[in-house]
Amino acid sequence: MAVGTDISWMTGLASGESFAGQRMARHGQAGPACAILDWGRGIACRGAATAATGPMRSGDHDAVREDGDAMERLSRATLTNANTEGVTLPPPGWDGQRTGIVHLGIGAFHRAHQAVYTQDAFAATGDDRWGICGVTQRSDRVKRQLADQDGLYGVLERAVDHTGVRVVGQVREVLYPAEQNAELMARIADPATRVVTLTVTEKGYRRDGSGRLDLADEGVAADLAGGEPVTAVGRLVRGLQARQRAGAEPVTVVCCDNLTSNGRVLERLVGGFCTALGDDELTGYLASNVSFPCTMVDRIAPATTDADRALGREILGLRDEGLVTAELFTQWVIEDRFSAERPAWERAGAQLTDDVEPFENMKLRILNGTHSTLAYAGALRGYPTITRTMADPELAELARELITEDVIPVLACPPGEDLAAYGAEVLKRFSNPALAHRTTQIAMDGSQKIPLRLLGTIRDNLAAGCTPRHALAGVAAWMAYLATGEAHGLALPIDDPMADRLAVVRGSKDARGIVGTLLGIEEVFGTDLPGNALVHDLLVDDVAELLARI
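Residues numbered from 1 in each chain as written. Predicted model: local features only at pLDDT ≥ 70, side-chain atom pairs only at ≥ 80, totals over all residues. Heavy atoms only, no water.

Looking at the sheet that holds strand S12 (residues 295-298)
Think of a sheet as strands paired side by side through backbone hydrogen bonds, with each pair either parallel or antiparallel.
Then comes step 1: One open sheet holds the 3 strands; their spatial order is S12-S14-S15, and the pairing between them is mixed. With partners counted over all chains shown, the strands left at the sheet margins are S12 and strand S15 (351-353), one partner each. Looking at each pair of strands side by side, their axes are set apart by 15° on average, direction ignored.
Then comes step 2: Relative to S15, strand S14 (residues 331-335) is paired through 3 bridges, and the arrangement is parallel. Each residue of the ladder has a partner; that of Val-333, found in S15, is Gln-351. (Pairing = 2+ DSSP bridges. Helix = DSSP H or I, 4+ residues; strand = E, 2+ residues; numbered from the N terminus. Axes fitted to C-alpha atoms, helices over the stretch in contact; angles between N-to-C directions.)

Spelled out as structure tokens, the structure:
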């Protein structure tokens with residue numbers, strides 16, 4: 001199979017319209033401008049020729065090889081040895097792309113989401129200026145995974161009736177700043193870099209209780225003092241400072257984390273860093289040359305398991321150390337506010353809009369709020385995954401009622417969306433048995449997630465004179481989770497930047513004391529909710545009931 005000289009790279013595709021094509025049509029856009037494929041989802045475009053073999057189905061690869069370590073490893077040289085059935089390879093020319101994007105935080109989500117959209121845009125347009133320089137944040141693990149694979153990795157896409165691997169070649173370089181800070185600064189300063197993107201999780205922005213840059217944070221303080229930066233904001237600002245000194249052209253910084261008004265949040269954090277530096281020239285440069293559009297990103301990408309890697313080897317026929325796992329569904333809404341050129345992401349199904357906020361709130365409150373509620377409530381019943389949690393009729397009903405009774409009535413509907421249909425689709429996605437999304441993984445960093453995912457719904461209901469019973473049940477489940485070390489044989493770790501303060505309730509059975517302690521954390525609940533008697537009393541009742549059932 002010779003990529004670019006015959007059509008054997010088309011195998012693993014099926015007729016019908018892809019998620020990208022559906023979203024384009026839904027929002028009045030033309031379908032992907034590819035002659036044969038909608039690369040966005042590895043499925044043939046409407047009216048286009050299709051491959052002879054269809055996508056792999058669940059169960060096609062039940063017999064998994066046990067000799068994975070002896071297999072050839074995925075790389076440019078071995079790509080032509082990949083299996084054909086169920087596999088979609090990168091578009092021709094993938095390895096000749098120039099680097100134009102720097103991404104901070106090259107974890108599984110970026111590789112399953114923005115990198116895929118960027119490859120799709122390349123396939124649709126042939127614009128080869130948007131290869132990605134990925135930047136690890138905490139370790140060199142991803143660099144080691146991808147270095148020997150020429151940046152290639154697979155996305156194991158799974159649904160009830162579909163299992164396949166699409167290989168992504170958009171990442172052209174991975175840097176580990178602890179050892180390659182100079183290279184990172186040079187890459188951000190490079191005139192060819194026109195976009196910097198980030199997925200560093202909510203806690204990665206090092207914010208204080210008021211949402212500003214936490215100047216007391218040890219990493220932030222060290223970054224401000226000079227030397228090689230260690231935080232995401234510090235690395236970004238020092239890179240932009242190097243760009244200013246190099247006289248490079250404008251650049252766009254795109255935050256892709258689950259933060260309300262994420263672009264504005266990052267812009268304020270960067271501004272706070274510059275103010276603390278006392279660098280007025282840099283502040284002026286950023287105001288004139290850098291924009292921070294808001295975005296909403298959506299795709300479930302659970303942590304990759306050994307079983308996923310074994311299945312990936314079986315499908316691909318090659319060993320892939322960088323494999324990530326994801327559902328088929330994907331969505332990206334981007335504020336159309338760029339300072340410089342960018343990939344044609346809309347050609348891959350992304351939505352460009354003047355106002356992202358309604359989309360952000362829809363996703364944060366319906367999907368993320370329900371996800372967190374299910375994670376804590378399910379873990380308390382000993383359920384290891386969201387799928388298993390959704391199989392519990394009582395918890396599935398809690399999720400449905402949270403969406404329909406608490407969230408949707410106080411939520412503004414984004415243009416072109418149907419909130420009820422979106423909520424139903426979310427619950428269907430959570431029930432996908434092909435994805436093993438661990439409840440304890442989603443339960444991480446609750447102090448950072450709860451305010452964004454549930455407290456807005458609670459406040460809006462209270463303002464409307466309504467009682468948000470189901471959203472409060474989600475908060476109560478978080479509190480009971482923190483107080484419980486183990487539930488029905490499932491360990492419940494506290495993995496949170498505020499772990500020391502949260503862990504004081506661990507082991508307690510006193511619901512009133514647990515609620516009083518946690519509700520008093522101003523950085524999470526503000527000053528309004530702790531004094532609300534209705535909120536307090538309902539939380540105490542719910543926490544007591546949850547603890548009694550363990």
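From this point, things continue past the structure.
Quick word on the sheet that holds strand S10 (residues 251-255)
Then comes step 1: Sheet architecture is open: 6 strands sit in the order S8-S5-S4-S9-S10-S11, paired in parallel fashion. The sheet is open, and its two borders are formed by strand S8 (171-175) and strand S11 (290-291), each paired with just one other strand.
Then comes step 2: For S10 and S11, the ladder comprises 2 bridges, and the chain directions are parallel. Among the inter-strand pairings, Thr-252 is bridged to a residue of S11, identified as Ser-291.
Then comes step 3: Of the strands in this sheet, strand S4 (99-104), strand S9 (195-198), S10 and S11 are in contact with helix H7 (residues 232-246), which crosses S10 at around 170°. (Contact = heavy atoms within 4.5 Å.)

Observations regarding the nonpolar core
Then comes step 1: Membership of the largest hydrophobic core comes to 74 residues, with the highest contact counts inside it found for Ile-366, Phe-430, Val-475, Trp-478, Met-479, Phe-525 and Leu-539.
Then comes step 2: Per-element accounting of this core gives the leading share, 12 residues, to helix H17 (residues 469-483).
Then comes step 3: Beyond its immediate sequence surroundings of up to four residues, Trp-478 is in contact with Tyr-376, Gly-446, Ser-447, Ile-450, Leu-502, Val-524 and Phe-525.
Then comes step 4: Among the nonpolar cores identified, the runner-up in size contains 35 residues, and Leu-198, Leu-240, Leu-259 and Leu-286 belong to it. (Core = buried A, V, L, I, M, F, W, Y, C linked by side-chain atoms within 4.5 Å. Buried < 20%, exposed > 50% of the residue type's maximum accessible area, 1.4 Å probe, protein only.)

Remarks on H7
Then comes step 1: With 15 residues, H7 ought to run about 21 Å at 1.5 Å a step, and its terminal C-alpha atoms sit 21 Å apart, in line with that.
Then comes step 2: The element H7 is extensively covered by neighbouring structure, given that 12 of its 15 residues are classed as buried.
Then comes step 3: One or two residues past the end of H7 sits Gly-247, with phi positive at roughly 70°. (Expected span 1.5 Å × (residues − 1).)

Some points on unusual backbone geometry
If a residue is not glycine, its phi is most likely negative; likewise, a peptide bond is most likely trans.
Then comes step 1: At Asp-445, a residue that is not glycine, the phi angle is positive and equals roughly 60°.
Then comes step 2: You can see Asp-445 is positioned in the loop between helix H15 (439-442) and helix H16 (446-463).
Then comes step 3: Assessed through its relative accessible area of 5%, Asp-445 is described here as buried.
Then comes step 4: Although it is not a glycine, His-488 adopts a positive phi angle of roughly 55°.
Then comes step 5: Here His-488 shows up in the loop between strand S16 (486-487) and strand S17 (490-491).

Here's the deal with the pattern of salt bridges
Then comes step 1: Counted under the stated rule, the structure contains 33 salt bridges.
Then comes step 2: Among the ionic pairs, Asp-217 bridges to Arg-206, the shortest N-O distance being 2.7 Å. Of this pair, Asp-217 sits in the loop between S9 and helix H6 (218-225) while Arg-206 sits in the loop between S9 and H6, placing them 11 residues apart in sequence.
Then comes step 3: For Asp-217, a relative accessible area of 18% corresponds to the buried category.
Then comes step 4: Taking the shortest distance from any N to any O, the salt bridge between Arg-549 and Glu-394 comes out at 3.3 Å. Within this pair, whereas Arg-549 is found in the segment after helix H21 (533-548), its partner Glu-394 is found in helix H13 (residues 393-407), the two being separated by 155 residues in sequence.
Then comes step 5: Overall, Arg-549 belongs to the partly exposed group, its relative accessible area being 42%.
Then comes step 6: Relative accessible area serves as the criterion here: at 43%, Glu-394 is assigned to the partly exposed category.
Then comes step 7: When salt bridges with common partners are traced through the structure, they connect Asp-127, Arg-129, Arg-194, Glu-249 and Glu-341 into a single cluster. (Salt bridge = Lys/Arg side-chain N within 4 Å of Asp/Glu carboxyl O.)

Observations concerning a negative patch on the surface
Then comes step 1: A grouping of Asp-336, Asp-354, Asp-355 and Glu-357 is seen on the molecular surface, where their side chains present a negatively charged patch.
Then comes step 2: Mapped onto the fold, Asp-354 is located in the loop between S15 and helix H11 (357-380).
Then comes step 3: Asp-354 sits in the exposed class, given a relative accessible area of 71%. (Patch = residues over 30% accessible without salt bridge, like charges linked within 9 Å, V, L, I, M, F, W, Y side chains within 5 Å. Areas by Shrake-Rupley, 256 points an atom, 1.4 Å probe, with all protein chains shown as cover. Lys, Arg positive; Asp, Glu negative; His and termini not counted. Charge placed at Lys NZ, Arg CZ, Asp CG, Glu CD.)

Thoughts on helix H3 (residues 114-125)
Then comes step 1: If you check H3, its first and last C-alpha atoms are 16 Å apart, about what 12 residues at 1.5 Å a residue would give, namely 16 Å.
Then comes step 2: When you tally the buried positions in H3, you get 10 out of 12 residues, the bulk of the element.
Then comes step 3: Along H3, the positions that sit buried rather than exposed are Gln-114, Ala-115, Val-116, Tyr-117, Thr-118, Gln-119, Asp-120, Ala-121, Phe-122 and Ala-124.
Then comes step 4: One or two steps after H3, the chain reaches Gly-126, where phi turns positive at roughly 80°.

Points about the environment of Arg-313
Then comes step 1: Among the secondary structure elements, Arg-313 is positioned in helix H10 (residues 306-316).
Then comes step 2: For Arg-313, a relative accessible area of 17% translates into the label buried.
Then comes step 3: Residues Arg-313 and Met-71 lie 242 residues apart in sequence; the distance between their C-alpha atoms is 8.3 Å.

Some thoughts on the pairing of S10
Then comes step 1: Counting buried positions over the 5 residues of S10 gives 5, a clear majority of the element.
Then comes step 2: Alignment of S9 against S10, held across 4 bridges, turns out to be parallel. In the strand pairing of S10, Val-196 is matched with Val-253.

Brief notes about the environment of Gly-272
Then comes step 1: Positionally, Gly-272 belongs in helix H8 (residues 262-277).
Then comes step 2: A relative accessible area of 25% places Gly-272 in the partly exposed class.
Then comes step 3: Measuring from C-alpha to C-alpha, the distance between Gly-272 and Val-233 comes to 10.0 Å, with 39 residues separating the pair along the chain.

Comments concerning the confidence of the model for the protein chain
Then comes step 1: Averaged over every residue, the pLDDT of the protein chain is 89; the share at 70 or more is 87%.
Then comes step 2: Residue range residues 1-66 is modelled with pLDDT below 50. Its contacts to residues more than four positions away, or to other chains, number 166 contacts. (pLDDT = per-residue confidence, 0-100.)

Quick word on the pairing of strand S5 (residues 131-135)
Then comes step 1: Within S5, 5 of the 5 residues are buried, leaving the element largely enclosed by the surrounding structure.
Then comes step 2: Here S4 runs beside S5; their pairing, made up of 5 bridges, is parallel. Of the residues in S5, the one forming a bridge with Thr-99 is Gly-131.
Then comes step 3: As paired strands, S5 and S8 are joined by 4 bridges and run parallel to one another. When the sheet's bridge partners are listed, Ile-132 is paired in S8 with Val-171.

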